[in-house]
Amino acid sequence: MSPDPISSRAVDPRFLDCESSAPEAVPQGAVAVIGIPAATPYASGRPHSESALAAIRHASTAQVGKLTHYDFDLGGPLLPDGGRLVDCGDLAFDPDDLPGNRARIADAYRALLARGAAPLLLGGDDSVQIPALAAFAERGEITILQVDAHIDWREEVEGERFGLSSTMRRASELDGVRTIVQVGARGTGSARPSDVAEAKAAGAQLIDMSTLRAKGMAPAIEAVPPGRPVVVCFDVDGFDPAVVPAVLGRTPGGLTYGDVVTLLNGVAERAPIIGFNIVEFVPEADIDGLGTRTVCRLAMLGAGLLARGAAC
């Protein structure tokens, strides 16, 4: 029997010990955590980030008593007055039905967005974002802010067009995606010179680490159009590996956590953040829990920014 296209599996612990909810029953306007272990892994690979969902939730249990404390990264408690946070559990992954995985993600996101929810995605590899972004783009114009060491602009890899190296190219093909701002590329990855040229030709604004080191976060913040809703696509290898070592390929010279706080708060001052995706976290590659704590903190920051965006 194939997995239900909407319902997700309950989890314990829930993120920050919040209440649980099915995607189709989320309270109006709530921040909705949803775990997505994988969508379209390559034939030569595996769902390498599926354990990230549980790792982030377990790390969040140490923060539960602090939810009403002042959060200096957000300028107030994590949830503003009237804010709601729910955990929708995890979507099922079927390694034998990759199109079905993508359809299940899109259906879950349609259900969440129909409720006015602000989804916080705990991934999962980068391919889980493609159907989620499609659901956002169906409802209106959006800006994508990608933080990543790579630009993910391959047309295909191993014959697969919906894998983790093609996320931004597939996003650029969605009618509702008006602007793509890509922040933090560095070193060498899967991109060929032709991929970079085609990304720029499609209008993607590539703000690499050399630019950020020279000019700070301002160029990335100012590239986001004022007012248009933003979906944040955060591959955790955008962090420097000294901050988050728990990734597939550690590339030196990335963002600090402070850089990310400055970037995301600056973006939130320009436009509401309506979706926040965290992907490519590999707990098995962590060192002394450093990456887990940082990624959990990133998820908390994302929840707070989503709650503020929903209140706008």
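The following paragraphs examine the structure supplied in this document. Just so we're clear, the structure is a prediction, and the values are computed from it rather than from any experiment.

Here we look at the overall build of the chain
Argument step 1. Across its full length, the chain carries nine helices and nine strands.
Argument step 2. Taken against the 2.2 N^0.38 rule, which gives 20 Å for 312 residues, the C-alpha radius of gyration of the chain at 18 Å falls within 12% of a compact globule.
Argument step 3. With the C-alpha coordinates of the chain rotated into their principal frame, the extents come out at 50 × 45 × 40 Å.
Argument step 4. Relative to its full complement of 312 residues, the chain shows a buried share of 56%.
Argument step 5. Considering only contacts within the chain whose residues lie at least 6 apart along the sequence, 80% involve residues at least 24 apart.
Argument step 6. When the accessible area of the chain is evaluated, it comes to approximately 12,200 Å², of which 52% is carbon and sulfur surface.
Argument step 7. Looking at charge distribution, the chain has the averaged site of its 27 positive side-chain charges lying 3 Å from that of its 40 negative ones.

Describing the environment of Pro241
Argument step 1. Here Pro241 shows up in the loop between strand E8 (230–235) and helix H8 (257–270).
Argument step 2. Taking relative accessible area as the criterion, Pro241 reaches 17% and is therefore assigned buried.
Argument step 3. Spatially, the C-alpha atom of Pro241 lies 8.0 Å from that of Gly253, the residues being twelve residues apart in sequence.
Argument step 4. Look past the residues within four positions of Pro241 in its chain and what remains in contact with it is Arg186, Arg250, Thr251 and Pro252.

As for the packing of helix H1 (residues 52–60) against helix H9 (residues 290–310)
When two helices pack together, their arrangement is given by the angle between the helix axes and by the axis-to-axis distance.
Argument step 1. Interhelical geometry of H1 versus H9 gives an angle of 80 degrees and a closest axis separation of 9 Å. In terms of their interaxial angle, H1 and H9 are classed as roughly perpendicular. For the pair formed by H1 and H9, the contact residues are Ala55, Ile56, Ala59 and Ser60 on the first element and Thr292, Val295, Cys296 and Ala299 on the second.
Argument step 2. Each residue belonging to the contact of H1 with H9 can be placed in one class, and the counts come to six nonpolar, two polar and no charged.

Details of the nonpolar core
Argument step 1. Membership of the largest hydrophobic core comes to 58 residues, with the highest contact counts inside it found for Phe15, Leu120, Val236, Phe239, Leu264, Phe276 and Leu298.
Argument step 2. In terms of residue count, the dominant contributor to this core is H9 (ten residues).
Argument step 3. Ignoring any residue separated from it by four or fewer positions in sequence, one finds Phe239 in contact with Arg186, Phe234, Val244, Gly254, Leu255, Thr256, Tyr257, Val260, Thr294 and Leu298.
Argument step 4. With 35 residues, the next largest nonpolar core counts Ile36, Val86, Val177 and Ala204 among its residues.

Quick look at the packing of aromatic side chains
Argument step 1. Under the definition given, this model contains four aromatic pairs.
Argument step 2. Measuring from centroid to centroid gives 5.2 Å for Phe234 and Phe239, while their planes differ by 40 degrees, and the two rings are tilted. A single burial state applies to Phe234 and to Phe239, both of which are buried.
Argument step 3. An aromatic cluster of at least three residues, connected via ring pairs, comprises Phe234, Phe239 and Tyr257.

A word on unusual backbone geometry
Argument step 1. Of note, the bond from Asp12 into Pro13 is cis; its omega dihedral lies within 30 degrees of zero at 5 degrees.
Argument step 2. Take Pro13: it is sitting in the segment before strand E1 (19–20).
Argument step 3. With an omega of 20 degrees, the peptide bond running from Gly123 to Gly124 counts as cis.
Argument step 4. With respect to the helices and strands, Gly124 occurs in the loop between strand E4 (118–123) and helix H3 (129–139).
Argument step 5. Unlike most non-glycine residues, Asp152 shows phi in positive territory, near 55 degrees.
Argument step 6. Within the secondary structure, Asp152 sits in the loop between strand E5 (142–147) and helix H4 (167–172).
Argument step 7. Taking relative accessible area as the criterion, Asp152 reaches 5% and is therefore assigned buried.

Description of the environment of Phe239
Argument step 1. With respect to the helices and strands, Phe239 occurs in the loop between E8 and H8.
Argument step 2. Separated by 55 residues in sequence, Phe239 and Thr294 have C-alpha atoms that sit 9.7 Å apart.

A short note on the sheet that holds E8
Across a sheet, strands are paired by hydrogen bonds formed along the backbone, either parallel or antiparallel in direction.
Argument step 1. Across the sheet, nine strands lie side by side as E1-E3-E2-E4-E9-E8-E5-E6-E7; this open sheet has parallel pairing. Among the strands making up the open sheet, the edge pair consists of E1 and strand E7 (205–207).

Observations concerning the pairing of strand E6 (residues 177–183)
Argument step 1. The buried count for E6 comes to six of seven residues, which makes it a mostly enclosed element.
Argument step 2. Two elements, E5 and E6, share six bridges in a ladder whose sense is parallel. Looking across to E6, one finds that Ile144 is bridged to Ile180.
Argument step 3. Two elements, E6 and E7, share three bridges in a ladder whose sense is parallel. For Val181, the partnering residue across the bridge sits in E7 and is Gln205.
Argument step 4. Handedness of the crossover joining E6 and E7 through helix H5 (residues 193–201) is recorded here as right-handed.

Let's talk about the pairing of strand E3 (residues 85–90)
Argument step 1. Counted residue by residue, E3 has six buried out of six residues, so it is predominantly covered.
Argument step 2. Pairing of E1 with E3, which is carried by two bridges, proceeds in the parallel orientation. If you follow Ser20 over to E3, its bridge partner there is Asp87.
Argument step 3. Of the pairings in the sheet, the one linking strand E2 (residues 31–36) to E3 comprises four bridges and is parallel in character. Bridge assignment links Gly35 to a residue of E3, and that residue is Asp90.
Argument step 4. After leaving E2, the chain enters H1 and then returns to the sheet as E3, a path that is right-handed.

Scoring rules and cut-offs
- Residues numbered from 1 in each chain as written.
- Predicted model: local features only at pLDDT ≥ 70, side-chain atom pairs only at ≥ 80, totals over all residues.
- Heavy atoms only, no water.
- Helix = DSSP H or I, 4+ residues; strand = E, 2+ residues; numbered from the N terminus.
- Rg over C-alpha atoms; globule rule 2.2 N^0.38 Å.
- Buried < 20%, exposed > 50% of the residue type's maximum accessible area, 1.4 Å probe, protein only.
- Contact = heavy atoms within 4.5 Å.
- Areas by Shrake-Rupley, 256 points an atom, 1.4 Å probe, with all protein chains shown as cover.
- Lys, Arg positive; Asp, Glu negative; His and termini not counted.
- Charge placed at Lys NZ, Arg CZ, Asp CG, Glu CD.
- Axes fitted to C-alpha atoms, helices over the stretch in contact; angles between N-to-C directions.
- Parallel < 35°, antiparallel > 145°, perpendicular 65-115°, else oblique.
- Nonpolar A, V, L, I, M, F, W, Y, C, P; charged D, E, K, R; others polar.
- Core = buried A, V, L, I, M, F, W, Y, C linked by side-chain atoms within 4.5 Å.
- Phe/Tyr/Trp six-rings, centres within 6.5 Å; stacked < 30°, edge-to-face > 60°.
- Pairing = 2+ DSSP bridges.
- Right-handed = clockwise from strand over helix to strand, strands pointing away.

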